[in-house]
Each structure stands twice: as C-alpha cells, then as structure tokens.
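Topology and contacts: notes
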Amino acid sequence: MAFDPVLMIMQPRHIGEAINSLKENIDISKVWFRAYTEPQVMAQMNQYIKETNFSHYIVMSDDGVVSKKAADTILKYGEMKEYDVFTGWMNMHLEEDGSYSRESTICEGLLPNWTNPLGPERDDYPPWVPIEVVQNRTGILQTRMANFALTIAERDLFLKFPLQTHQNNCSSDHHWSYRLQKAGVKVHTHTDAFIKH
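None of the values given here were measured: they were computed from a predicted structure.

1. Brief notes about the packing of aromatic side chains
- All chains considered together, the criterion is met by 14 aromatic pairs.
- Ring plane angle 70° and centroid distance 6.0 Å describe the contact between Tyr77 and Tyr83, whose orientation is recorded as edge-to-face. The pair formed by Tyr77 and Tyr83 is uniform in burial state, with each residue classed as buried.
- The structure contains a cluster of three or more aromatic residues connected by ring pairs, namely Phe33, Tyr48, Phe54, Tyr57, Phe148, Phe158 and Trp176.

Okay, structure coming up:
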C-alpha cells in the first residue's frame with residue numbers, strides 16, 4: 001500500500017497558534033476530534049481507524065506548535081518500515097518567562113510499573129532527557145514515550161494496540177507507550193522533530 005497518512009487531532013481546546021501550525025505546515029488529510037474528554041476521544045479515534053483505511057495514522061495533542069521541519073522529519077521517518085512507531089518530542093512545559101522547561105518529553109529508561117491502580121504519577125516515569133542534552137545530539141533517538149506529538153504508526157499497529165486511558169481517565173500516551181514497551185515495539189524520534197509545547 002502506498003504511503004497515505006492521516007492526521008488525527010485531539011482538540012478539546014481552541015489554541016490558535018497550535019491549530020494554525022498544523023494547517024500551515026502539514027499537507028496531508030486531517031480529521032479534528034472536537035469537544036471530547038480523553039476517554040471519549042480515544043474511543044472515537046479507535047472507531048475512525050477501524051472504519052477507514054489509511055496506511056498510517058498520526059495522533060496529535062491540541063497544544064503543540066508544529067514547524068514544517070518537524071512535520072517533514074516525522075513524515076519522512078514515519079514512512080520507513082524500520083520504525084514501528086515514530087514521534088515528535090517536546091519541551092515538558094513553558095516557564096513563566098516563556099522559556100522552555102529544562103526537561104524534554106524524551107525518556108530513554110524503561111517505563112516502570114506504577115503503584116497507583118488508577119494510573120501513573122509523575123514519579124512513575126523514568127528521568128526525562130534534558131532539552132540541552134537532546135540539542136547536543138543529532139539524528140535518531142529511541143524514546144519510551146510516544147507522547148502524541150505527531151506520533152505515527154501503521155494502521156495495523158493501532159488496531160493491535162487500540163488507544164485508551166488508565167482508570168483515572170488520563171495518561172493515554174503513557175498507557176499506549178507502556179503496552180508497546182511490553183510487546184517489544186520500539187518508539188523512535190529525531191532531534192529535528194521538536195514540537196513546541
């Protein structure tokens with residue numbers, strides 16, 4: 001099958017800068033999932049994947065500002081058969097002065113089991129790689145978190161690992177990433193795939 005991806009965008013909020021970046025920098029089919037809770041949007045996306053037949057599906061959160069460089073990088077590597085899952089990476093948050101947080105959303109250690117039956121807490125994640133460290137590297141990196149920052153995979157993988165949340169109705173990216181890890185499915189990113197969070 002030819003490379004024919006679709007971008008699935010979670011949009012519970014209307015963040016103009018993020019929306020405009022997706023419209024301006026990604027020239028592929030898009031579907032917007034508006035006004036759903038996290039569990040609801042997971043169910044809607046799973047249904048959409050079942051009912052359509054694109055080669056690849058891309059999951060995007062509502063609060064990422066995507067550059068053309070990041071989009072092109074993710075589409076380029078997402079099409080390659082050697083990568084099961086490819087994702088962008090982000091700053092963890094913005095500081096009060098508008099600068100990026102010290103931490104990125106890349107974690108290289110294994111995602112551990114969590115103690116709270118409702119879902120993971122902050123301490124249940126491995127250390128996040130500092131942005132400065134990522135910026136001093138080049139090329140492909142393995143990460144344990146497919147953090148829904150233009151996270152792309154083939155249709156069959158999404159059918160095998162449907163999207164869902166933990167019992168706390170949150171952390172769908174962690175839930176999906178943890179199941180991928182347990183199954184030996186690797187997640188990769190690229191130093192050029194930075195998305196502003």
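2. Focus: the side chain of Thr73
- Within the element layout of this structure, Thr73 appears in helix H3 (residues 68–78).
- Setting aside anything within four residues of it in sequence, one finds Thr73 in contact with His190, Asp192 and Ala193.

3. Structural notes on the nonpolar core
- If you look at the biggest cluster of nonpolar residues, it comprises 27 residues, and the most contacted ones within it are Leu7, Ile26, Met60, Val66, Leu150 and Ile195.
- For this core, the elements supplying multiple residues, two or more each, are strand E1 (5–11), strand E3 (56–60), H3, strand E5 (89–90), helix H4 (131–135) and strand E9 (149–154).
- Here this core takes 5 residues from H3, the largest share from any one element.
- If we skip the residues at most four places from it in the chain, Leu150 touches Leu7, Ile26, Ile58, Val59, Met60, Val66, Ala71, Ile74, Phe86, Thr87, Gly88 and Ile195.

4. Considering the layout of surface pockets
- Roughly 600 Å³ of volume is contained in the largest pocket.
- As for the largest pocket, its lining consists of 25 residues, of which Ser61, Asp63, Asn147, Asp173 and His197 are closest to the centre.
- Of all elements in the fold, only E1, helix H2 (38–51) and helix H6 (172–182) reach the threshold of two or more residues within the lining of the largest pocket.
- By volume, the second largest pocket amounts to about 200 Å³.
- In this structure, the second largest pocket is lined by Met1, Ala2, Phe3, Asn53, Phe54, Ser55, His56, Glu79, Lys81, Glu154, Arg155 and Asp156.
- A breakdown of the residues in the lining of the second largest pocket according to their chemical character gives 4 nonpolar, 3 polar and 5 charged.

5. Describing the pattern of salt bridges
- Taken as a whole and assessed by the stated rule, the structure comprises 8 salt bridges.
- The residue Lys68 makes a salt bridge to Asp72 at a minimum N-O spacing of 2.9 Å. Taken together, the positions of Lys68 and Asp72, both in helix H3 and 4 residues apart, correspond to about one turn of that helix.
- On the basis of relative accessibility, which here comes to 43%, the residue Lys68 falls in the partly exposed class.
- Note that Asp192 and Lys69 form a salt bridge whose closest N and O atoms lie 3.6 Å from each other. Highlighted residues: Asp192 in the loop between strand E10 (187–190) and strand E11 (194–195) and Lys69 in helix H3, separated in sequence by 123 residues.
- With a relative accessible area of 53%, Lys69 lands in the exposed category.
- Members of the salt-bridge network, linked through shared partners, are Arg13, Asp62 and Asp63.

Rules of the game
Residues numbered from 1 in each chain as written. Predicted model: local features only at pLDDT ≥ 70, side-chain atom pairs only at ≥ 80, totals over all residues. Heavy atoms only, no water. Phe/Tyr/Trp six-rings, centres within 6.5 Å; stacked < 30°, edge-to-face > 60°. Buried < 20%, exposed > 50% of the residue type's maximum accessible area, 1.4 Å probe, protein only. Helix = DSSP H or I, 4+ residues; strand = E, 2+ residues; numbered from the N terminus. Contact = heavy atoms within 4.5 Å. Core = buried A, V, L, I, M, F, W, Y, C linked by side-chain atoms within 4.5 Å. 1 Å grid on protein atoms, 1.4 Å probe; cavity = no way out; pocket = protein on both sides within 12 Å on 5 of 7 lines; lining within 4 Å. Points joined across faces, edges and corners; volume = space filled by probe spheres on them. Nonpolar A, V, L, I, M, F, W, Y, C, P; charged D, E, K, R; others polar. Salt bridge = Lys/Arg side-chain N within 4 Å of Asp/Glu carboxyl O.

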